[in-house]
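The lines below spell out each chain.
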Amino acid sequence: MSEIEIRDDRAAGRLEAVGEGEVVGRIEYFVLEAPERALVPVHTVVEPAHEGKGIAGSLARELYALAEREGVPVAPLCPYVVKWAERHPEAAPPAGPELLSAAKQWLRDHPGRF
């Protein structure tokens with residue numbers, strides 16, 4: 001497989017890994033506005049033919065890098081991103097409990113979104 005490009009499709013709420021012209025993985029997320037602006041990853045998906053190639057980890061790393069560039073925290077609700085952040089504390093500062101609680105409430109208030 002050729003090089004993977006990661007692109008942010010903010011309008012669709014997806015960080016996509018693209019290789020050979022096709023999306024091979026993605027993190028689905030939303031932007032929380034209150035109590036502070038934050039990126040909230042909800043699902044990580046890698047196409048079966050591309051599993052085991054580090055794509056999910058690359059997506060998680062880029063999500064945190066994107067948040068850092070924007071000066072906002074990440075409030076991970078996606079189990080994969082939570083585990084990735086635990087393994088990479090140098091790249092993934094933890095979100096506070098109030099922010100995580102607000103992110104969970106946002107999901108409850110938007111049941112059809114994910």
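Relevant structure appears above.
Residues numbered from 1 in each chain as written. Predicted model: local features only at pLDDT ≥ 70, side-chain atom pairs only at ≥ 80, totals over all residues. Heavy atoms only, no water.

A. Spotlight on the environment of Glu-33. Along the chain, Glu-33 turns up in the loop between strand 3 (22–32) and strand 4 (38–46). Along the chain, Glu-33 and Trp-106 lie 73 residues apart, while their C-alpha atoms are 9.9 Å from each other. For Glu-33, the side chain forms a polar contact with the side chain of Arg-37, separated by 2.6 Å. (Helix = DSSP H or I, 4+ residues; strand = E, 2+ residues; numbered from the N terminus. Polar contact = N/O pair within 3.5 Å; in protein donor to acceptor, adjacent residues only side chain to side chain.)

B. Representation of helix 1 (residues 55–70) in the model. For helix 1, with 16 residues, the first-to-last C-alpha span of 22 Å sits near the 22 Å given by 1.5 Å per residue. Those residues of helix 1 lying buried are Ile-55, Ala-56, Gly-57, Leu-59, Ala-60, Leu-63, Tyr-64, Leu-66 and Ala-67. Turning to helix 1, the residues buried within the fold contact strand 1 (5–9), strand 2 (14–19), strand 3, strand 4 and helix 2 (79–87). Immediately downstream of helix 1, the backbone of Gly-71 shows phi near 70°, a positive value. (Expected span 1.5 Å × (residues − 1). Buried < 20%, exposed > 50% of the residue type's maximum accessible area, 1.4 Å probe, protein only. Contact = heavy atoms within 4.5 Å.)

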